[in-house]
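# Structure at a glance
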Amino acid sequence: MSQRILLLTGASRGIGHATVKRFSAEGWRVLTCSRHPFDPRCPWPGGADNHVQIDLADAAATRRAIEVVRGKLTEGKLHALVNNAGISPKAEGGGRMNTLETDLRIWGHVFNVNFFASIVLARGLQDELVAAKGAVVNVTSIAGSRVHPFAGAAYATSKAALAALTREMAHDFGPLGVRVNAIAPGEVDTSILSPGTEKIVETLPLRRLGQPDEVASVIHFLCSDESSYVTGAEIEVNAGQHV
């Protein structure tokens, strides 16, 4: 069998970083995307050659980058696309950005990265996903289903929209043999956490932060043959925060 290939956005830290390591350990070739150049400190094979620098906030630049990605798919197949990149801007002093005061340009920037990039990439690489009978995983958030004390309104609504997009994509891509699912992480131990998160953790049924590798394991499951009859689902990865 030829080596499976994953395209992952937002690979430079946190959940994305853990996902690269998990898939690499399972024998996948991982193409990484971020707005930064490849960091040689990243501990996975072929990193520089398999990295594509994309500013996902720019739809035109994202469409151009699809051709770069396609050029790296030697057999014309993409086995998995994981839309993990996301931004959550804060107000001055680290405060929450609400619906009353957030500049509309910030809303546009957040939605371009967190929402529109996912469908631009999936549509642009449709043929390659279909050829591989591949899978798409969209990374949403616990903030997409409830008001969060730290996540801003633009971030939360973009993630809610991404959850709805997952269902629509599952409906449309399914007849082509491509599965589309989502995961909704909660409080995971990454740099995106805000001061005060420990108060939330105290209320979680499992009473602890999640680890990035725990989220990466669920992503891997959804991209593997073990989930071959799962599509249109949003899996909560949040220690029971959603209950």
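Going by what an unreviewed UniProt entry lists, the protein is known as NAD(P)-dependent dehydrogenase (Short-subunit alcohol dehydrogenase family) and is assigned to Rhodovulum steppense. Word for word, the UniProt comment on the protein under Sequence similarities (unreviewed entry) is "Belongs to the short-chain dehydrogenases/reductases (SDR) family."

## Here we look at the sheet that holds strand β4 (residues 80–83)
Across the sheet, which stays open at both edges, the seven strands sit in the order β3-β2-β1-β4-β5-β6-β7 with parallel pairing between neighbours. In this open sheet, the two edge strands, each paired with only one partner strand, are β3 (51–53) and β7 (234–237). Here the average twist between neighbouring strands, direction ignored, is 15°. Bridge analysis of strand β1 (residues 5–9) against strand β2 (residues 29–34) gives five bridges, and the strand direction is parallel. When the bridges of β2 are listed, leucine 8 appears paired with threonine 32. Running at roughly 170° to strand β6 (residues 179–185), helix α7 (residues 212–223) makes contact with β4, β5 (135–139), β6 and β7 of the sheet.

## Describing the packing of helix α1 (residues 14–25) against α7
At a minimum axis distance of 8 Å, the contact between α1 and α7 shows a crossing angle of 55°. Looking at the two axes, α1 sits oblique to α7. The two elements α1 and α7 cross, and the hand of that crossing is right-handed. In this structure, α1 contributes Gly14, Ile15, Ala18, Thr19, Arg22 and Phe23 to the contact, and α7 contributes Pro212, Asp213, Val215, Ala216, Ser217, Ile219, His220 and Cys223. Across the contact of α1 with α7, the residue classes tally to eight nonpolar, four polar and two charged.

## Some points on the pairing of β6
Buried residues dominate β6, accounting for seven of its seven residues. Alignment of β5 against β6, held across five bridges, turns out to be parallel. Note that in β6 the partner of valine 136 across the bridge is valine 180. Relative to β7, β6 is paired through four bridges, and the arrangement is parallel. Looking at the pairing, alanine 184 lines up with glutamate 236 of β7.

## Considerations on unusual backbone geometry
Positive phi values are uncommon outside glycine, yet lysine 133 reaches one of about 50°. Residue position: lysine 133 is located in the loop between α4 (126–132) and β5.

## Notes on the pairing of β2
Within β2, six of the six residues are buried, which leaves the element mostly enclosed by the surrounding structure. Both faces of β2 are covered, namely the face carrying Arg29, Leu31 and Cys33 and the face carrying Val30, Thr32 and Ser34. Between β1 and its parallel partner β2, the chain crosses via α1, and the hand of that crossover is right-handed.

Rules used throughout
- Residue positions are counted from 1 within each chain, in the order its sequence is given.
- pLDDT decides what is reported in this predicted model: residues at 70 or higher carry local features, side-chain atom pairs at 80 or more are listed and counted, and totals for whole chains, interfaces and linings draw on all residues regardless.
- Side-chain calculation: all heavy atoms of the structure are included, whereas hydrogens and water are not.
- UniProt positions are given in the numbering used here, feature names are shortened, and annotations may be inferred rather than shown by experiment.
- Pairs of strands are assigned from DSSP output, requiring at least two bridges between the strands.
- Comment: elements are numbered from the N terminus, with helices defined as DSSP H or I runs of at least four residues and strands as E runs of at least two.
- Under this scheme, a helix contributes an axis fitted over its contacting stretch, all axes are lines through C-alpha atoms, and angles between N-to-C directions fall in the 0 to 180 degree range.
- Whether two residues are in contact is decided by their heavy atoms, any of which lying within 4.5 Å being enough.
- Oblique is the label for any angle not under 35 degrees, not over 145, and not in the 65 to 115 range, which are roughly parallel, roughly antiparallel and roughly perpendicular in turn.
- Helix crossings fall into two classes, left-handed where the near helix is turned counterclockwise from the far one by less than a right angle and right-handed where it is turned clockwise.
- When residues are grouped by polarity, Ala, Val, Leu, Ile, Met, Phe, Trp, Tyr, Cys and Pro land in nonpolar, Asp, Glu, Lys and Arg in charged, and all others, Gly among them, in polar.
- Think of it in three bands: with a 1.4 Å probe and only protein chains considered, a residue is buried below 20% of the maximum accessible area for its type, exposed above 50%, and partly exposed in between.
- Orienting the strands away from the viewer, one traces the path from the first strand over the helix to the second; a clockwise path indicates a right-handed crossover.

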